[in-house]
Amino acid sequence: MPEGNTIHRLARDHSRDFAGRTVRARSPQGRFAREARQLDRRCFLRADAHGKHLFHHWEGGRVVHIHLGMAGTFRRFEGAAPRARPTVRLRLAAEPVTVDLIGPPTCELINEEQRLAIVARLGPDPLHSDADPDTVRAALEKRPDRPIGDALLDQRVLAGAGNIYRNEALFLAGIHPLRPSGRISREEWLELWETLRALMQRGVREGTVTVDAGEAPHPRAAAERTPDDDFYVYGMTICRRCGSRLRELPLSGRRMFACPSCQPNRRKRKR
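Below: a short report on this structure. Please read all numbers here as calculations on a predicted model, not as lab measurements. (Residues numbered from 1 in each chain as written. Predicted model: local features only at pLDDT ≥ 70, side-chain atom pairs only at ≥ 80, totals over all residues. Heavy atoms only, no water.)

### As for the nonpolar core
Part 1 of the reasoning: Of all hydrophobic cores here, the largest spans 27 residues; its most connected members are Ile-148, Leu-158, Trp-189 and Leu-192.
Part 2 of the reasoning: Breaking this core down by element, the ones donating at least two residues are helix H4 (133-141), helix H5 (148-151), helix H6 (163-173), helix H7 (186-206), strand E9 (247-251) and strand E10 (254-258).
Part 3 of the reasoning: If we ignore the near neighbours within four places in the chain, the residues touching Ile-148 are Leu-140, Leu-170, Ile-175, His-176, Pro-177, Arg-179, Ser-181, Ile-184 and Leu-192.
Part 4 of the reasoning: Val-23, Leu-68, Leu-92 and Leu-101 belong to the second largest nonpolar core, which has 25 residues in total. (Core = buried A, V, L, I, M, F, W, Y, C linked by side-chain atoms within 4.5 Å. Buried < 20%, exposed > 50% of the residue type's maximum accessible area, 1.4 Å probe, protein only. Helix = DSSP H or I, 4+ residues; strand = E, 2+ residues; numbered from the N terminus. Contact = heavy atoms within 4.5 Å.)

### Here's the deal with the environment of Thr-6
Part 1 of the reasoning: In this structure, Thr-6 sits in helix H1 (residues 4-18).
Part 2 of the reasoning: Judged by its relative accessible area of 28%, Thr-6 is partly exposed.
Part 3 of the reasoning: Sequence-wise, Thr-6 and Cys-262 are 256 residues apart; in three dimensions their C-alpha atoms are separated by 28 Å.

### Side note on the packing of aromatic side chains
Part 1 of the reasoning: Under the criterion given, the structure shown has six aromatic pairs.
Part 2 of the reasoning: Aromatic pair Phe-18 and Phe-44: ring centres 5.7 Å apart, planes at 55°, arrangement tilted. Residue Phe-18 is located in helix H1, and its partner Phe-44 is located in strand E2 (residues 42-50); the two are separated by 26 residues in the primary sequence.
Part 3 of the reasoning: Geometrically, the ring pair formed by Tyr-234 and Phe-257 is edge-to-face, given 6.0 Å between the ring centres and 85° between the ring planes. Here Tyr-234, found in the loop between helix H8 (219-222) and E9, pairs with Phe-257, found in strand E10; they are 23 residues apart in sequence, far enough to count as distant. (Phe/Tyr/Trp six-rings, centres within 6.5 Å; stacked < 30°, edge-to-face > 60°.)

From the geometry alone we can't say anything about function, so treat these as descriptive.
See below:
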């Protein structure tokens, strides 16, 4: 499933391509045909995102709410676009750009009040400049025995982080994913928040990449690495930094990786 950085990147790109322009809208698949007719030849105002939810704002207070789920995707064409596939839920076009939306579990036409209600059900988004880490911490404290690795995937607690970013942020912050949320100090939480925010901000710019290109892997980890490795622990077997064998933990029904040396299941000692 695309994580929040990908959705924010799409919002940025769609605003760049369509904001302030009259846009053609149609639904080759037919499942969004009535709604597309209400949008066709109207002004696309902007796109924005909250967590994994994408919102297209149109004139007249219309908002298209999109969630890509596990299989949804956008395809962008510049110049002459190919004939739309029959699976295209929504095609947007304003010369020279055409964008196709395929396979989303959610693509609905709503109003601003409904959009605000959707956002209200979600936690703060680290990619918003006004997101408050203390609001997330307060939500974590309501279930202090819940493993932090599980809590980070709860979109009601924190919006936008997915399996890759929870793996990578916890590793870089030195926090074991099974550590109860109530055993994470405020200082540790703020470090984790800033780590997650920095990783996701980089993801908006560059795609989902976490590794520092200038950081050489441990010799024992080098054998499984390739020149285009993107992650420290996600999907790996050897810790990039210390060479320890990683442990894979089933958590929240997703693959979770942890280094027993770099991520001890206890609080960090104060320096």
